[in-house]
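One-letter residues, chain by chain:
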Amino acid sequence: MGQTRPVADPCEILDVEGVCVTLSGRQILDNVTFGVRAGEFTGLIGSNGAGKTTLLRVILGLQRPSAGTISVAGAPRTRRNQSIGYVPQKVVLDPDMPLRARDLVGLGIDGHRFGLPVPSKKRREAVDEMLHAVDAERFADSRVGNLSGGEQQRVLIAHALIGRPRLLLLDEPLANLDLKSGQEVVSLLDRIADEQQIAILLSAHEMNPLLPSMDRIVYLAGGRAASGTTDEVVRDEVLSALYGHEVHVHTLHGRILVVAGPTEEAALTPDSTLRAI
Amino acid sequence: MHFVFEPGFFSSHPVHVAFIVGSIVAVVSAVVGVFTVMRGQSFAGHSLADVSTAGGSGALLIGLNPLLGFVAGGVAGAGAMEMIGVRRARGRDLATGIVLGASIGLAALFLYLGTTRSSTTGASQQILFGSIFSTDSSTVPIVVVFSVVCLGIIAFVRRPLLLSSVSTDIAAARGVPLRLVGLLYMLALALAVGLSSLAIGAILSTALLIGPAAIALRLTNRIGWAMVAACVIGVVATLLGVLLAYDSYDWNSRHAAWPVSFFIVVIIFLLYLSTELPLVRTVVARRREEGACLQDS
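It should be emphasised that the depicted structure is a prediction, and the values quoted were computed from it without experimental measurement. (Residues numbered from 1 in each chain as written. Chains lettered and ligands numbered in written order. Predicted model: local features only at pLDDT ≥ 70, side-chain atom pairs only at ≥ 80, totals over all residues.)

**Topic: the nonpolar core**
Then step 1. Residues Leu167 of chain A together with Val34 of chain B are the most contacted members of the largest nonpolar core, which totals 176 residues.
Then step 2. In terms of residues, this core owes the most to one element, helix H1 (residues 13-38) of chain B, which gives 16 residues.
Then step 3. A domain-level breakdown of this core finds at least three residues from each of domain 1 (12-94 + 161-232) and domain 2 (235-277) of chain A.
Then step 4. If near-sequence neighbours (up to four positions away) are discounted, leucine 167 of chain A is found in contact with Ile13, Leu14, Val36, Val72, Ser83, Ile84, Ile198, Ala199 and Leu201 of chain A. (Core = buried A, V, L, I, M, F, W, Y, C linked by C-beta atoms within 7 Å. Buried ≥ 20, exposed ≤ 12 C-beta atoms within 10 Å, placed from the backbone. Helix = DSSP H or I, 4+ residues; strand = E, 2+ residues; numbered from the N terminus. Domains from an automatic or database assignment. Contact = placed C-beta atoms within 7 Å.)

See below:
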């Protein structure tokens, strides 16, 4: 399915090769192959149930694939991989939790360690620097549970980035954000990928908010994936082969709509609402 | 002065023991309680208290120190709850309920046998509602050992526990052994509940665990300060409770002192209510905002 890529690309941070996952008899992922390079912003696009979260869990090592291999920064993925930063879906930050934004970012450095923390100037400076990088200084001392959705996402991104990962995975970070906050998060990630030369893989059910920033796309449907640039992947023949039935791609006011064909009979629906005919 | 501190208060040996045991227990309960409230596990804490009841009453029946029974019961209960239903939240809820019912039944039997067989008619009162004035000074070293172990566990798991309280997904991805951290925390909770049962009784132990922590979490944004505040609130409530119970001896002509646990629980409850007062709420909110602004400039 995937586009041909150079096999030993030194810039390649994540290499997913022929990954299959079967959960209780149901095939969730079927021979998924793609790569993500340093400094690249990649969108993992698919409707609900397409296997996005499962794929991210496989990359993180929380789900064992039934076939296939994952390499991170040229080495086979190991558990406790410090080179991956992760922002999961639907993190509920309770307003009752006595945790300031800067505390949550600090947990990104040593939250997995046992024993009492040793406060240090270096640690404090690293936290301040990261809060500055995600433009979160203004609410650094507020409780995370009292922040808005977009502010919480920025703090969680800082938490994931402070360990200096090579790869940042984000699971549906835009799901509960209004349009403006979503755009701010996307442009922040775009800037970070560029500045820190890290690879970003972001899952979403809607590709349109990502179009201005996305370098590459991994399109998931029915457990199978197609990857490449948006122009290479979001085409009638590629997506029709992926879905296993005829679909059409339309561009309307700069937005891409993927519609179950034949065109004249189907109502125009955004790609997020695409269902089998 | 004599109106507040009744004659003989400072020279009374039971009062000395009550002050020492009460302070230690209040500190341990407050520190563990901050995590219990944050993780939303106050029901688990209360369930462990019920299991401790069975342990404490059993220990009393066979002539052991009730504290050993409280802690043994709590640890066994924590282990049972982890083992039966760790997979799903619903399974855990059911497991907790079933263990809880069985242990209260056991406690009923032990307390009945205890009161009919021996002359200790105060067994039910002592186990269920506390015995801080009748605590033997030989119990103090055991209290200290259990407290050190409990605080040691919390110091050891503090950061992974905090991270997994924020998000189990993030913690798992970072390689935190979630089962081990959960089990160690439950062990610390069982110890804290056992100690608290000794001071104010198995039934009321949750009040000392949850109350000071819940009040502290409303007052500060920082977990370290929340622990300090919870300790201060817990210790003040406990010592004030001991004082009032001692004074209550002279409140009626029959010279029947009221139970310490009653006073401690009422003080905590009133403090909690006071954080709901509009005046307190605005002061706390303003302090929080100022804290945020100071850092900003």
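**Side note on the domain arrangement of chain A**
Residue and element names in this part refer to chain A.
Then step 1. On domain assignment, one finds that chain A holds domain 1 (12-94 + 161-232) and domain 2 (235-277).
Then step 2. Contacts between the two partners involve ten residues from domain 1, matched on the other side by eleven residues from domain 2.
Then step 3. Elements represented by at least two residues in the side of domain 1 that touches domain 2 include exactly strand E9 (216-221) and strand E10 (224-228).
Then step 4. Class assignment of the residues belonging to the side of domain 1 that touches domain 2 gives a composition of four nonpolar, four polar and two charged. (Nonpolar A, V, L, I, M, F, W, Y, C, P; charged D, E, K, R; others polar.)

**Comments concerning the confidence of the model for chain B**
Residue and element names in this part refer to chain B.
Then step 1. When the pLDDT values of chain B are averaged, the result is 84; 89% of them are 70 or greater.
Then step 2. Ranking the elements of chain B by mean pLDDT puts helix H12 (residues 278-296) last, at 60, and helix H6 (residues 139-166) first, at 94.
Then step 3. Of the regions scoring below 50 in pLDDT, residues 292-297 engages in five contacts with residues more than four places distant in sequence or in other chains.
Then step 4. Both scores are available for the predicted complex, with the pTM at 0.85 and the ipTM at 0.83. (pLDDT = per-residue confidence, 0-100.)

**With respect to the sheet that holds strand E5 (residues 75-76) of chain A**
Residues and elements named next belong to chain A.
Then step 1. Taken together, four strands build an open sheet; the order of strands is E2-E1-E4-E5 and the sheet is antiparallel. Pairing within the sheet leaves two strands with one partner each, and these edge strands are strand E2 (26-37) and E5.
Then step 2. As judged from the five bridges shared by strand E1 (residues 12-23) and strand E4 (residues 67-72), these two strands associate in the antiparallel manner. Residue pairing for E4: leucine 14 is matched across the bridge by valine 72.
Then step 3. Packing against the sheet, helix H1 (residues 52-60) makes contact with E1, E2 and E4, and its axis sits at approximately 120° to E1. (Pairing = 2+ DSSP bridges. Axes fitted to C-alpha atoms, helices over the stretch in contact; angles between N-to-C directions.)

**Things to note about the packing of helix H4 (residues 149-161) of chain A against helix H5 (residues 179-196) of chain A**
Residues and elements named next belong to chain A.
Then step 1. Where H4 meets H5, the closest approach of the two axes is 9 Å, and the angle between their N-to-C directions is 20°. Taken together, the axis directions place H4 and H5 in an arrangement best described as roughly parallel. Considering how the two elements wind past one another, H4 and H5 form a crossing that is right-handed. Across the interface between the two elements, Gly149, Gly150, Gln153, Arg154 and Leu161 from H4 touch Ser181, Glu184, Val185, Leu188 and Ile192 from H5.
Then step 2. Of the residues contributing to the contact of H4 with H5, the split by class is four nonpolar, four polar and two charged. (Parallel < 35°, antiparallel > 145°, perpendicular 65-115°, else oblique. Left-handed = near helix turned anticlockwise from the far one by under 90°.)

**Overview of the confidence of the model for chain A**
Residues and elements named next belong to chain A.
Then step 1. Here chain A shows a mean pLDDT of 84. Residues at 70 or above account for 89%.
Then step 2. Across residues 264-269, confidence stays below pLDDT 50; counting only partners more than four residues off in sequence or on other chains, it has nine contacts.
Then step 3. Confidence drops under a pLDDT of 50 for residues 271-277, and excluding neighbours within four residues, the segment shows 14 contacts in the predicted structure.

**Thoughts on the packing of helix H2 (residues 101-110) of chain A against H6 of chain B**
Then step 1. Packing of H2 of chain A against H6 of chain B brings their axes to within 11 Å, and their N-to-C directions diverge by 120°. When the axis of H2 of chain A is compared with that of H6 of chain B, the two are oblique. The hand of the H2 of chain A/H6 of chain B crossing is left-handed. Mapping the contact onto sequence places Leu104, Leu107 and Asp110 of chain A in H2 of chain A and Arg159, Leu162, Leu163 and Val166 of chain B in H6 of chain B.
Then step 2. Partitioned by chemical class, the residues of the contact of H2 of chain A with H6 of chain B number five nonpolar, no polar and two charged.

**Re the environment of isoleucine 203 of chain B**
All names here are of chain B.
Then step 1. Position of isoleucine 203 among the secondary structure elements: in the loop between helix H8 (178-200) and helix H9 (205-219).
Then step 2. What makes isoleucine 203 partly exposed here is the crowd of 18 C-beta atoms within 10 Å.
Then step 3. In the structure, isoleucine 203 is positioned 26 residues away from proline 177 in sequence and 33 Å away in space, judged by C-alpha atoms.

**Details of H2 of chain A**
Then step 1. By the criterion of burial, H2 of chain A is predominantly enclosed, with eight of the ten residues buried.
Then step 2. On its buried side, H2 of chain A packs onto helix H3 (121-133) and H4 of chain A together with H6 of chain B.

**Topic: H4 of chain A**
Residue and element names in this part refer to chain A.
Then step 1. Here H4 contains 13 residues, and its C-alpha end-to-end distance of 18 Å stays within 8% of the 18 Å for a straight helix at 1.5 Å per residue.
Then step 2. Among the 13 residues in H4, eleven count as buried, and that is most of the element.
Then step 3. Taken residue by residue, H4 has Glu151, Gln152, Gln153, Arg154, Val155, Leu156, Ile157, Ala158, His159, Ala160 and Leu161 as its buried positions.
Then step 4. Buried residues along H4 sit against strand E6 (84-87), H2, H3, strand E7 (167-171) and H5. (Expected span 1.5 Å × (residues − 1).)

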